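# Coordinates in review
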Amino acid sequence: MKLILLGAPGAGKGTQAEIICKHCSIPAISTGNIIRAALKAQTEMGLRARDYIEKGLLVPDEVVIGIIQDRLSEDDCADGFILDGFPRTVPQAEALDKMGIEIDRVIDLEVPDEKIIERMSGRRVCAHCGASYHLLYKQPKTEGVCDNCGEQLVQRADDKAETVLERLKVYHAQTEPLIAFYRAKGKLHVVEGQDEIADTTALTLKALED
Ligand code: AP5
């Protein structure tokens, strides 16, 4: 199964990718996580990406296409993968085609902007391992502490209200055209994001079976 999760920032792509990858035994690949890890490690790519991320803008296509090309050539992707956050522009989707990668399904997680803003303001992530939580919808066992590694939970720098608005603007202008792109290829399945994470998972798994 080669799967793409499309959707606005905060639509729940990462949350669903984490669940579905265990269900299907395939890796979930998040360009956002790869870029944040590079930023933390202060690699050349990470430092180049910092300005874009902090402003809520997309990192240039050639950078993320290179990241994905390298990652998809690794052995664990041989039987399939879930792409979370890639492609995000039509040129990125065309680059996947040029790599000869045949995508099976594209799930578009639809969540209204007002709900996105609420979700992002309540998201907390582990400063150490990057695990993601929500103050209301996905609480850690101990407040402010990561269940996985015991480190402190923080708000992502790009989850500040003004940056979220910019990210939504960028999503509508640059990523939303991918809905028509994949619909035209007959690959698109729309899943209405639900208030409970498990309900969205149930709909997503159903869309994978259809
Ligand atoms: P990235 O990390 O990919 O951010 P994003 O797409 O903006 O997605 P998020 O991680 O913010 O949200 P999500 O949809 O995964 O939602 P989540 O599951 O966490 O990218 C960051 C930046 O990197 C970009 O802005 C860009 O600069 C750069 N970048 C990355 N990829 C790129 C690319 N291909 N090209 C160019 N630049 C790129 O859920 C959000 C919150 O809601 C969580 O707290 C969660 O617990 C909660 N939640 C989830 N589902 C539900 C539910 N059903 N009900 C209630 N709460 C829920």
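Below, the structure is looked at part by part. Throughout this description, residue numbers start from 1 for each chain and increase along the sequence as written. Two thresholds apply to this predicted model, a pLDDT of at least 70 for residue-level local features and 80 or more for giving and counting side-chain atom pairs, whereas whole-chain, interface and lining totals are computed over all residues. Neither water nor hydrogens contribute to the side-chain values; these are computed over all heavy atoms in the structure.

### Looking at the overall build of the chain
Heads up, the condition is: A run of H or I in DSSP counts as a helix once it spans at least four residues, and a run of E counts as a strand once it spans at least two, with each numbered from the N terminus. Throughout, exposure labels follow a simple rule: accessible area from a 1.4 Å probe, protein chains only, divided by the maximum for the residue type, with under 20% read as buried, over 50% as exposed, and the rest as partly exposed. Contacts are residue-level and defined by heavy atoms, with any inter-residue pair within 4.5 Å sufficient. Methods summary: accessible areas were calculated by the Shrake-Rupley approach with a probe of 1.4 Å, and residue burial reflects only the protein chains presented.
What the chain contains, in helices and strands, is nine helices and eight strands. For the chain, the spread of C-alpha atoms along the principal axes amounts to about 45 × 40 × 35 Å. Within the span of the chain, comprising 210 residues, buried residues form 46% of the whole. Of the contacts formed within the chain by residues at least 6 apart in sequence, a portion of 69% connects residues at least 24 apart. Of the roughly 10,800 Å² that the chain leaves accessible, carbon and sulfur atoms contribute 50%.

### Structural notes on the packing of helix α1 (residues 13-24) against helix α9 (residues 197-209)
As a reminder of what qualifies: Lines fitted to C-alpha atoms define the axes, with helix axes restricted to the stretch in contact, and inter-axis angles between N-to-C directions lie between 0 and 180 degrees. Relative orientations are named as follows: roughly parallel for angles under 35 degrees, roughly antiparallel for angles over 145 degrees, roughly perpendicular for angles from 65 to 115 degrees, and oblique for any other angle. In this scheme the crossing of two helices becomes right-handed for a clockwise turn of the near helix relative to the far one and left-handed for an anticlockwise turn of less than a right angle. Following the grouping adopted for this structure description, the nonpolar residues are Ala, Val, Leu, Ile, Met, Phe, Trp, Tyr, Cys and Pro, the charged ones are Asp, Glu, Lys and Arg, and the polar ones are all others, Gly among them.
Two elements in contact, α1 and α9, have axes separated by 10 Å at closest approach and are oriented at 55 degrees. Classified by the interaxial angle, the pair formed by α1 and α9 is oblique. Between α1 and α9 lies a crossing of right-handed hand. Across from T15, Q16, I19, I20 and H23 in α1, the residues of α9 making contact are I197, T200, T201, T204, L205 and L208. When its residues are assigned to classes, the contact of α1 with α9 shows five nonpolar, six polar and no charged.

### A look at the nonpolar core
Condition: Nonpolar core, defined: a set of buried Ala, Val, Leu, Ile, Met, Phe, Trp, Tyr and Cys residues in which side-chain atoms within 4.5 Å join the residues together.
Of all hydrophobic cores here, the largest spans 50 residues; its most connected members are L72, L83, L96 and Y182. If sequence neighbours within four positions are ignored, L96 has contacts with I4, I68, L72, L83, F86, P87, I101, I103 and Y182. Among the nonpolar cores identified, the runner-up in size contains five residues, and C126, Y133, C146 and L153 belong to it.

### Quick word on the sheet that holds strand β7 (residues 153-154)
Hydrogen bonding along the main chain pairs the strands of a sheet, whether they run parallel or antiparallel. For clarity, the threshold we go by: Between any two strands, pairing holds if DSSP finds at least two bridges.
Spatial ordering of the open sheet is given by β6-β5-β7, a layout of three strands whose pairing is antiparallel. Strand pairing shows two members of the sheet lacking a second neighbour, β6 (132-134) and β7, which therefore form its edges. The strands touched by helix α6 (residues 113-122) within the sheet are β5 (123-126) and β6, with β5 carrying the most contacts at an inclination of about 40 degrees.

### Observations concerning the site of the ligand
This is how the line gets drawn: Put simply, a residue is near a molecule or strand once any heavy atom of it comes within 4 Å of that molecule or strand. Under this definition, polar contacts are N or O atom pairs within 3.5 Å; protein pairs additionally need one hydrogen-donor-capable and one acceptor-capable atom, and for neighbouring residues in sequence, both atoms have to be side-chain atoms.
Near the ligand you find 37 residues, and of these T15, L57, R88, R123 and R167 are the closest. At 2.6 Å, a side-chain N or O of R123 approaches an oxygen atom of the ligand. Contacts to the ligand include R156, whose side-chain N or O atom sits 3.1 Å from an oxygen atom. Considered on its own, the ligand offers 1,000 Å² of accessible surface; in the complex 98% of this is hidden by protein. Those elements giving two or more residues to the shell around the ligand turn out to be α1, α2 (31-40), α6, β6 and α9. With four residues, α2 is the largest single contributor of residues to the shell around the ligand.

### What about the sheet that holds strand β4 (residues 105-110)?
Here five strands make up an open sheet; going across it, the order is β2-β3-β1-β4-β8 and the pairing parallel. Of all the strands in the sheet, just β2 (28-30) and β8 (188-192) have a single pairing partner and so form its edges. Each neighbouring strand pair of the sheet contributes to a mean axis angle of 25 degrees, computed without reference to strand direction. Note that β4 and β8 share five bridges and pair parallel.

### Quick look at the packing of aromatic side chains
Basically, it comes down to this: When two rings of Phe, Tyr or Trp (its six-membered ring) have centres within 6.5 Å they constitute a pair, described as stacked for plane angles under 30 degrees, edge-to-face for angles over 60, and tilted for the intermediate range. We call a charge positioned over a ring when the NZ of a Lys or the CZ of an Arg lies within 6 Å of the ring centre and within 35 degrees of the ring normal.
Applying the stated rule across the entire model yields one aromatic pair. Ring geometry for F181 versus Y182: centroids 5.0 Å apart, planes at 80 degrees, classification edge-to-face. Taken individually, F181 and Y182 each receive the classification buried, so the pair is uniform in this respect. Positioned over the ring face of Y133 is K138, at 5.8 Å from the centre of the ring.

### Some thoughts on the pairing of β5
By the bridge criterion, three bridges tie β5 to β6 in an arrangement that is antiparallel. In the strand pairing of β6, V125 is matched with S132. Pairing between β5 and β7: two bridges, direction antiparallel. From the neighbouring strand, C126 faces β7, where its bridge partner is L153.

Keep in mind that these numbers describe shape and distance, not what the molecule does.
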